[in-house]
Structures are given as structure tokens and as C-alpha cells.
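For reference, the chains in residue letters:
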Amino acid sequence: MIERTLENPAKGAVLALQLENLEVNYGAVRALRGVSLEVAQGEVVALLGANGAGKSTVLKTVSGLLRPRAGGVRFFGEALGRLTPAQIVGRGLAHCPEGRRVFGSLSVLDNLRLGASQRSDAAEIRTDLDKMLTLFPILGERRGQAAGTLSGGEQQMLALSRALMSRPKLLLLDEPSLGVAPLIVREIFKTLRGLHSEGVTLLLVEQNVRLALELADRAYVLRTGQIALEGNAREMQGDERVARAYLGGGS
Amino acid sequence: MNSLEYVLQQLLNALSIGSLYALVAVGLSIIFSLLRLTNFAHGDLMMVGAFATLFLNLAGVPFVPALLGGILLSSGVGILIERVAYRPVRGSPDVTLLLTSVALTYILENLGILLFSSSPRNFPLPDWMGTVYSLFDGRITFTFITVVTLGATLLSLLFLGWFVTRTRVGLGMRAAAEDLTAANLVGIDVNRTVTVAFVLASGFAGLAGVLWAAQAGVVEPLMGFTPLLKAFVAAIIGGFGSIPGAIVGGFALGALEVLIQSLPSELGLSPYRDALVFALLIAFLLFRPGGILGVRTEVKL
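Residues numbered from 1 in each chain as written. Chains lettered and ligands numbered in written order. Predicted model: local features only at pLDDT ≥ 70, side-chain atom pairs only at ≥ 80, totals over all residues.

1. Details of the overall build of chain A
Alright, step 1. A count of helical and extended segments in chain A gives ten helices and eleven strands.
Alright, step 2. Rg of the C-alpha trace for chain A: 18 Å, near the compact-globule value of 18 Å for 251 residues, within the 12% margin.
Alright, step 3. By its C-alpha atoms, chain A is 50 × 40 × 40 Å across when sized along the principal axes.
Alright, step 4. Counting across all 251 residues of chain A, residues that qualify as buried make up 47%.
Alright, step 5. Relative to all contacts within chain A whose residues are 6 or more apart in sequence, the contacts with residues 24 or more apart total 69%. (Helix = DSSP H or I, 4+ residues; strand = E, 2+ residues; numbered from the N terminus. Rg over C-alpha atoms; globule rule 2.2 N^0.38 Å. Buried ≥ 20, exposed ≤ 12 C-beta atoms within 10 Å, placed from the backbone. Contact = placed C-beta atoms within 7 Å.)

Structure, rendered in C-alpha cells:
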């Protein structure tokens, strides 16, 4: 059952991302059972839900790692169905994956350089590299160090900066607070707020509901592969149906 | 014979054979690190390189350009086998990859026999390659082939080191070897990366094939089989999937073989050289599957 707590505020705005009735299977398991959602340009949208609800599956399908069984993904109106993950990055869609997935044996700088794999503007890449090292000064201090030697929080900063190196129009973020010390979580979310005010569009998967709803404009709650709830983030903060969706009870 | 000179002579022999193992092993490791695929057809690219060089040379092309042509052709065949045989089964279970690779070896070797006949042919070398150098009144001798082998290996490995640390495609190759999904997500073109890996690995195999043929004096379609097995052992004892591991393993294996052969004949071990080498392989697989350098990836056979 879809409950609408608010009219979709994306109406009339430029849509960065549209999922239309997305169905994804893992073998015989139906991971997504017809998910439709929209992210307008400049918006921060949170995707909430319990473990196994299908949040990461949504992100992986958008970035081309998984192929949908049915339904489609549109990015600024363009269907992404036939594109490879690398081509999708080239279109301006970056995915900062769960578990950070930095290249542990490569240096911090090399990790950042690889984030710009789809770009060819060498001078601009160098400017952005410097920008990242100032955005997170600790990365600047550790630029020559192997990424595997960084702490969890530092790796998360690196993963985020690496994704930003592609100059994304839309950034997919999967659990940026997972396994990260609270102080660094605050720093990362401060950065995300900064990105939001610069006009970067974000689709955020996050276990920490309070944190996610503070940052987001709107939110969707996924349950067993379906959208159970959607609405304005402010209003969802106090909504006990969000908590119930997590616990798996009826909404 | 003075013992120091004896040791130097054996060291030279070890470096010479070790470079060939290292050159072949590096290619095996690059491919394995990216695709988790043991490319048994890798040895047959040695045959491609050697035959191409031979025929170019017979057609009147001087040796060095003919060698470069042989390397290029090996790379070309490498691209082809990746496109035709390996790309369609990429990501399949290990057994599928293994069978594809073994099948490809049989196809290439039999194609070689069909085209060139199975009888060995002389591998003509320019006179300067055969120049014999002797030091210490002839107690240390080597030919210019040894110099070329060591020099070409050193240059190739330096080039490879530069490529994987200083170029974007090379960095992408290491990134994809470490985490293919993350490589996809940062926008690395995995197909292109794999193609480049095959170009490098196959070119190295082609070069090794020519050097091997130059040392043996003959070429034959099945010439890649033994060096492939040896390089495989080298890659595993060094640490499969790691470029430094393959180099360390290659030279370690070369040294070990020369050591076994230079043991006093009363011990009676030298006829069992290959048996001892493969016993070492089994020992590594059982007790130290990560190899000398302790690579984390598990080797599945």
C-alpha cells in the first residue's frame, strides 16, 4: 500500500531521476517489486527502510550494476537501460557504494584520480583534486598513503570525494554513516549539506533515520521491495508510521 | 674452477632462465588478477611470437624489427582470444573459465601444428646474437642472447612498473584487479582495461617466446607448454595475481632450477628437477597459498 502524506513536490521541477515500476530479481528472489520514485534536480531524497528492504538494490540498479527485470531508469529524461556502469558515470551519475570500497592498495591521490576516470579535462581534474584535499584536510595529509591504512571514517571521506571527482549531477550515497565514528559522521553530513546548497542532487540511503530526515527534503520508505511510504522529510520526522515500516508491522 | 666464478656463472644462468619465467608469469598474473582466469593459452602466445618473428625474418625483415612484429602479433592474437573466447564467459563459474582456457590451448596448439607442422624448425639468429663472451679466462661464458634476455626483461618490467603506477589506464587496471565493482562505479571502462591487460600480457609472452626460441635455437608449435607450466608455478610461489609476486616467483624458480642442476651429481637429484619444482608447487598450495608475498586471493584450480 502506498500512502501519500504529501503531494509530490517534484512536480513541475526538472527530474534528475525517475524510476518507473522497477522490478529486480536476485535469482529467484524478488528484490524489487515495482518501485517508482522521483528525484528532482537540486533535491536531497532519502531512501529509508529496514535491512533487506531493497535500498541498495535500487542504487545498484540505477548505477547499472544490476539489470532490472522490468521497468526503467531515466536520468534527466534519458533511459539508462543499455548503458554500462562506466557510461552512466560519464553521464553525471556517481554512486558512492556501501562499505566504501576504496582501492586499499592504491594511494589516496590515486583513488581520487580514478574518480575522474570518465573525464579528460586534465587541468580541471587537478583543480578538483586540490578542492577535495581542502574539503577533507585529513585526506590532504594522507595523500600518499595507501587507502587501506585509513580509518573507516577517513575511507568514507575518500569514497565520497572519489565519487565527487566525477563531477556528478546526481550522487547516490549508500550508508555514509555505517562504521564511522560519530564525530566524523557529523563532518560528513556537514559536507553533504554544503553539497546540497551548491545544488548537487542527492539520493541517500541511510540507516540513521533521524540524520537522514534532517538532511533530506523528501523521503521514501521501502519495505520488502516496495515503496511503503513517501513524503516530506520534516513531516516524516515525527511520523510513527516510519518507525513501524522499519519494524515490519502494518502501516 | 674457482668457486666464486662458478657461483657467478650459475647466477647468470639463473637470471637468464628466471627472466623468461618472470616475463611469462607476469602476464598470467595480470590476467588472473582481473578476471580470476588462469589463461593456459598464454604459453601459446610464445609460439605465436616466435613463429611470427621467424617468418618475418625469413621474409627478409631484420631481426629486431621482426621481433617487434612478433610481439605486436602476439598482442593482436591476445586481443582476439579475449574478444572471441573469454569475454563471452566473463563472470562465469571458475570451472567454465578453466575449461575455456584449456580448450583454447588445444585449439591454438593444433592450429600451430596444422599450419607449421609439429617438427621443430631452426630459429635463425643474426651473428651478433650468438657472440660468445668469456670472462676470467673462459671460466664464465655467456652469449649475447643472455645479455638481450636480461636487458629486454629489465626494460619490459620497468615499463610495466611505470605503466601501472603512472598512467591512468594502468591505475585503472590495478583498481579493477582489486575491486571490479568499485572500478565500475568510478567509471573505469572495464572492457578497455581488460583489452589493455591482454595486450601487455600477450606482448610479454611473445617477447618471452622469441627469447626462449633464441636460447633453444628451435621453434615448434608446442614450445609454450613447458614454460607456461613453469611460469604458472612461478606465479603461484610468488603470489598469484600480484605483479611483484610473479617477478619474485620467476627469479626464485629460475634460481632453484639452476641450483638443483648444479648440485653434485652424486646426490642424483638433477634428473628430478621438474619433479622437485612441482613438489614445491604442491607445498606452496598446501602451506602458503598466498605465495612468497602472501597475496590474499585464494587460488582455485
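2. Here's the deal with the overall build of chain B
Alright, step 1. Secondary structure summary: chain B contains twelve helices and four strands in total.
Alright, step 2. A compact globule built from 301 residues would reach a C-alpha radius of gyration of about 19 Å, and chain B, at 19 Å, matches this within 12%.
Alright, step 3. Projecting the C-alpha coordinates of chain B onto the three principal axes gives extents of approximately 60 × 50 × 35 Å.
Alright, step 4. For chain B, the share of sequence-separated contacts (at least 6 apart) that also reach a separation of at least 24 residues comes to 73%.

3. Focus on the confidence of the model for chain B
All names here are of chain B.
Alright, step 1. On average, residues of chain B score 91 in pLDDT, and 97% of them are at 70 or above.
Alright, step 2. Ranking the helices and strands of chain B by mean pLDDT puts helix α3 (residues 63-86) first, with 97, and helix α5 (residues 127-130) last, with 80.
Alright, step 3. With a pTM of 0.89, the predicted complex shows an ipTM of 0.89. (pLDDT = per-residue confidence, 0-100.)

4. Focus: the pairing of strand β3 (residues 29-40) of chain A
All names here are of chain A.
Alright, step 1. Across nine bridges, the pairing between strand β2 (residues 15-26) and β3 is antiparallel. Each bridged residue has a counterpart across the sheet, and for valine 24 the counterpart in β3 is leucine 32.
Alright, step 2. Between the end of β2 and the start of β3, which pair antiparallel, lie two residues, with glycine 27 showing a positive phi angle near 60°. (Pairing = 2+ DSSP bridges.)

5. A few points about the sheet that holds β3(A)
All names here are of chain A.
Alright, step 1. Across the sheet, which stays open at both edges, the four strands sit in the order β3-β2-β5-β6 with antiparallel pairing between neighbours. One side of each edge strand has no neighbouring strand; the edge strands of this open sheet are β3 and β6 (78-79).
Alright, step 2. The sheet contact formed by strand β5 (residues 70-75) and β6 spans two bridges and is antiparallel. The residue bridging phenylalanine 75 from the neighbouring strand is glutamate 78, located in β6.

6. As for the interface of chain B and chain A
Alright, step 1. Contacts between chain B and chain A engage 16 residues on the former and 21 residues on the latter.
Alright, step 2. Mapped onto the side of chain B that touches chain A, the elements with two or more residues apiece are α7 (168-178) and α8 (180-185) of chain B.
Alright, step 3. Sorting elements by how many residues they give to the side of chain B that touches chain A places α7(B) first, with six residues.
Alright, step 4. Across the side of chain B that touches chain A, the residue classes tally to seven nonpolar, four polar and five charged. (Nonpolar A, V, L, I, M, F, W, Y, C, P; charged D, E, K, R; others polar.)

7. Some details on the pairing of strand β8 (residues 170-174) of chain A
All names here are of chain A.
Alright, step 1. Of all five residues making up β8, five are buried, and the element is well covered by its neighbours.
Alright, step 2. The sheet contact formed by β8 and strand β9 (residues 201-205) spans five bridges and is parallel. Along β9, the bridge assignment pairs leucine 172 with leucine 203.
Alright, step 3. You can see the chain leave β8, run along helix α7 (residues 182-197) and come back into β9, and the turn it takes is right-handed. (Right-handed = clockwise from strand over helix to strand, strands pointing away.)

8. Examining α7(A)
Alright, step 1. With 16 residues, α7(A) ought to run about 22 Å at 1.5 Å a step, and its terminal C-alpha atoms sit 23 Å apart, in line with that.
Alright, step 2. Just beyond α7(A), the residue with positive phi is Gly199(A), at close to 100°. (Expected span 1.5 Å × (residues − 1).)

9. Thoughts on unusual backbone geometry
Leaving glycine aside, a negative phi is the common case for residues, and trans is the common case for peptide bonds.
Alright, step 1. Its identity as a non-glycine residue notwithstanding, Arg101(A) has a phi of 50°, on the positive side.
Alright, step 2. The residue Arg101(A) is located in the loop between β7 (93-96) and α3 (108-115) in this model.

10. Here's the deal with the packing of helix α1 (residues 3-35) of chain B against helix α11 (residues 243-262) of chain B
All names here are of chain B.
Alright, step 1. Relative orientation of the contacting elements α1 and α11 amounts to 145°, with a least axis distance of 7 Å. You can see that α1 and α11 cross each other, and the crossing is right-handed.
Alright, step 2. In terms of residue class, the contact of α1 with α11 is made up of 16 nonpolar, nine polar and one charged. (Axes fitted to C-alpha atoms, helices over the stretch in contact; angles between N-to-C directions. Left-handed = near helix turned anticlockwise from the far one by under 90°.)

11. Looking at α1(B)
Alright, step 1. Compared with an ideal rise of 1.5 Å per residue, which puts 33 residues at 48 Å, α1(B) spans 46 Å between its outermost C-alpha atoms and is within 8% of the ideal.
Alright, step 2. Arg36(B) sits one or two residues past α1(B) and shows a positive phi near 55°.

12. Concerning the environment of Ser134(B)
All names here are of chain B.
Alright, step 1. As for its position among the elements, serine 134 is in strand β2 (residues 132-135).
Alright, step 2. The spacing of serine 134 and aspartate 189 is 55 residues in sequence and 51 Å in space, taken between C-alpha atoms.
Alright, step 3. Discounting chain neighbours no more than four positions away, the residues touching serine 134 are Ile140 and Thr141.

13. With respect to the packing of α1(B) against helix α6 (residues 144-166) of chain B
A pair of packed helices can be characterised by two numbers: the angle between their axes and the separation between those axes.
Residues and elements named next belong to chain B.
Alright, step 1. Following both chains from N to C, one finds α1 and α6 inclined at 40°, their axes separated by 9 Å at the closest point. Our classification of the angle between α1 and α6 gives oblique. Considering how the two elements wind past one another, α1 and α6 form a crossing that is left-handed. Contact residues: Leu12, Leu15, Ser16, Ser19, Leu20, Ala22, Leu23 and Val26 in α1; Thr146, Thr149, Leu150, Thr153, Ser156 and Leu160 in α6.
Alright, step 2. Split by residue class, the contact of α1 with α6 holds eight nonpolar, six polar and no charged. (Parallel < 35°, antiparallel > 145°, perpendicular 65-115°, else oblique.)

14. Observations concerning the environment of Gly43(B)
Alright, step 1. Here Gly43(B) shows up in helix α2 (residues 42-58).
Alright, step 2. Non-local contacts of Gly43(B), meaning those with residues more than four positions away in its chain, are made with Gly224(B), Phe225(B), Pro227(B) and Leu228(B).

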